[in-house]
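Structural overview
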Amino acid sequence: MANKKKKQSQEKIENYYNLKVKETDELVEALKGNNVSAEAPTTDIYEITGEETKGKSSKAKNFDPYKRDKLAFLPVWLKAIFIKWWFAGAVCYFMVFGLFNSMNALDNMVLTGLVLGIITDIMVNPIFRLIESDEKEYNDYIMFPFPFKAYWTFLANGVYYIIVLVLVGLLYELIGKYISADVAVEPLLFATFCLIIDMAFIGVKDAVVHIVKKCKNKKSEEVNPDV
């Protein structure tokens, strides 16, 4: 009896590890195009997800895995600039308008720059990482293009945007001095000034990175001319 159970157990183990040769051959033939009777996988949204598609067009009822989002057709520079501009305006709306009456201008500027740096680190840069491709094309619009888990970038972005906000304040003063009129701080103009100064710094950073990479490539070519 014990031998019989042992034999049945061994047969189960052997059957478990048997290769599905038939199914493998069918897959190979289908990939080669020889199996004309093989059915193509369904693209019906209802069959895939169970979502109701009544009242929709036949095109909307089918799932297209290669369909590109409408935002994918917009150029990278336009999306990057709009995202940075919008978040800067939002920070101005909530921070400058909310704290202007309760804090002096310098404290408000420092705190706003710190908040903008944190928002950039935890929201703006992750959005760029989410929509970028393998080419990392959004690195050209990030001051510190390091992984999100590099927590020291919280402090780096905070200090950086405090400097940006100081320059924004000086820009407001220069405009008021030469125009001889007070320029109100409001989200649209504030975000525009932040974007201009921010992209000026990032442009310098990108130029330095490009020069360094070019020098490294040149040295590697001199060391290995046949490569």
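In case you missed it, the structure is sitting above this.
The numbers attached to residues start from 1 for each chain and follow its sequence in the written order. Totals for whole chains, interfaces and linings use all residues, but because this is a predicted model, local features are given only for residues with pLDDT of at least 70 and pairs of side-chain atoms are given and counted only at 80 or more. For the side-chain quantities, the full set of heavy atoms in the structure was used; hydrogens and water were omitted.

The helix and strand tally for the protein stands at 8 helices and 0 strands. Numbering of helices and strands runs from the N terminus, with a helix taken as a DSSP run of H or I at least four residues long and a strand as a DSSP run of E at least two residues long. Going from N to C terminus, the protein has its helices and strands arranged as α-α-α-α-α-α-α-α. The classification of residues rests on relative accessible area computed with a 1.4 Å probe and restricted to protein chains. Under 20% of the type maximum is buried, over 50% is exposed, and intermediate values are partly exposed. Within the protein, the fraction of its 227 residues that count as buried is 24%. Look at the contacts in the protein between residues 6 or more apart in sequence, and 60% of them connect residues 24 or more apart. Here the open area of atoms and residues is found with the Shrake-Rupley method and a 1.4 Å probe, where only the protein chains shown may cover a residue. Roughly 17,200 Å² of accessible area belongs to the protein as shown, and the carbon and sulfur atoms make up 63% of that amount. It only takes one pair of heavy atoms within 4.5 Å for two residues to be counted as in contact.

Once that is clear, we can look at the nonpolar core. By nonpolar core is meant a set of buried Ala, Val, Leu, Ile, Met, Phe, Trp, Tyr and Cys residues that side-chain atoms within 4.5 Å join together. L116, F128, Y160, V164, V168, F190 and C194 are the most contacted members of the largest nonpolar core, which totals 28 residues. Contributions of two or more residues to this core are made by α5 (76-99), α6 (105-131), α7 (152-179) and α8 (187-223). Sort the elements by how many residues they give to this core and α5 lands first, with 8 residues. Residues contacting F190, with those up to four places away along its chain left out, are A88, C92, T112, L165, V168, Y172 and V185.

Covalent bonding between the sulfur atoms of two cysteines defines a disulfide. Disulfide: a pair of cysteine sulfur atoms within 2.5 Å of each other. This structure, assessed with the given rule, holds 0 disulfides. The thiol of C92 is unpaired, and the distance to the nearest cysteine sulfur, on C194, comes to 7.8 Å. The class for C92 is buried, based on a relative accessible area of 0%.

The subject of this paragraph is α6. Relative to the 39 Å expected for 27 residues at 1.5 Å per residue, α6 spans 36 Å between its end C-alpha atoms, a close match to the ideal helical length. Approximately 45° is the largest bend angle found in α6, and it occurs at T120. Listing the buried residues of α6 in full gives N108, T112, G113, L116, G117, I119, T120, D121, V124, N125 and F128. Residue count minus one, scaled by 1.5 Å, sets the expected span of a helix. One axis fitted to the seven residues ending at a residue, another fitted to the seven starting there: the angle between these axes is the bend at that residue.

What follows is about the packing of aromatic side chains. Here the aromatic set is Phe, Tyr and Trp, taking the six-membered ring for Trp, and pairing holds for ring centres within 6.5 Å; pairs whose planes are under 30 degrees apart are stacked, those over 60 apart are edge-to-face, and all others are tilted. According to the stated counting rule, one finds 10 aromatic pairs in the structure shown. Ring geometry for F128 versus Y138: centroids 5.0 Å apart, planes at 20°, classification stacked. Here Y138 lies in the loop between α6 and α7 and F128 lies in helix α6, a separation of 10 residues in the sequence. The class for F128 is buried, based on a relative accessible area of 0%. We classify Y138 as buried; its relative accessible area is 0%. Look at F144 and Y160: their rings are 6.1 Å apart centre to centre, the planes differ by 85°, and that puts the pair in the edge-to-face class. Taken together, the positions of F144 in the loop between α6 and α7 and Y160 in helix α7 put the pair 16 residues apart, joining distant regions of the chain.

What follows concerns the side chain of T120. Mapped onto the elements, T120 comes out in helix α6. What qualifies as a polar contact is a pair of N or O atoms within 3.5 Å, subject to a donor-acceptor requirement within protein and to the restriction that residues adjacent in sequence count only when both atoms come from side chains. A distance of 2.7 Å separates the side chain of T120 from the backbone oxygen of L116, its partner in a polar contact. Residue contacts for T120: discarding those within four places in its chain leaves N125, P126, N157 and Y161.

We define a salt bridge as a side-chain nitrogen of Lys or Arg found within 4 Å of a carboxyl oxygen belonging to Asp or Glu. Applying the stated criterion to the full structure yields 4 salt bridges. Of the charged contacts in the structure, one is a salt bridge between R129 and E132, with a shortest N-O distance of 3.1 Å. Residue classification places R129 among the partly exposed positions, given a relative accessible area of 25%. Ionic pairing is found between K136 and E132, a salt bridge with its closest N-O pair at 3.1 Å. Residue classification places E132 among the buried residues on the basis of a relative accessible area of 13%. Put simply, R129, E132 and K136 are held in one network by salt bridges that share partners.

On the surface, a nonpolar cluster with roughly 560 Å² of combined accessible area is contributed by L155, V159, I163, V166, L167, L170 and F201. If one sorts the elements of the nonpolar patch by residue count, α7 sits on top with 6 residues. Residue placement: V159 occurs in helix α7. A relative accessible area of 44% places V159 in the partly exposed class. Exposure above 30% relative accessible area and the lack of any salt bridge qualify a residue for a patch; like charges then connect within 9 Å, and the nonpolar side chains Val, Leu, Ile, Met, Phe, Trp and Tyr within 5 Å.

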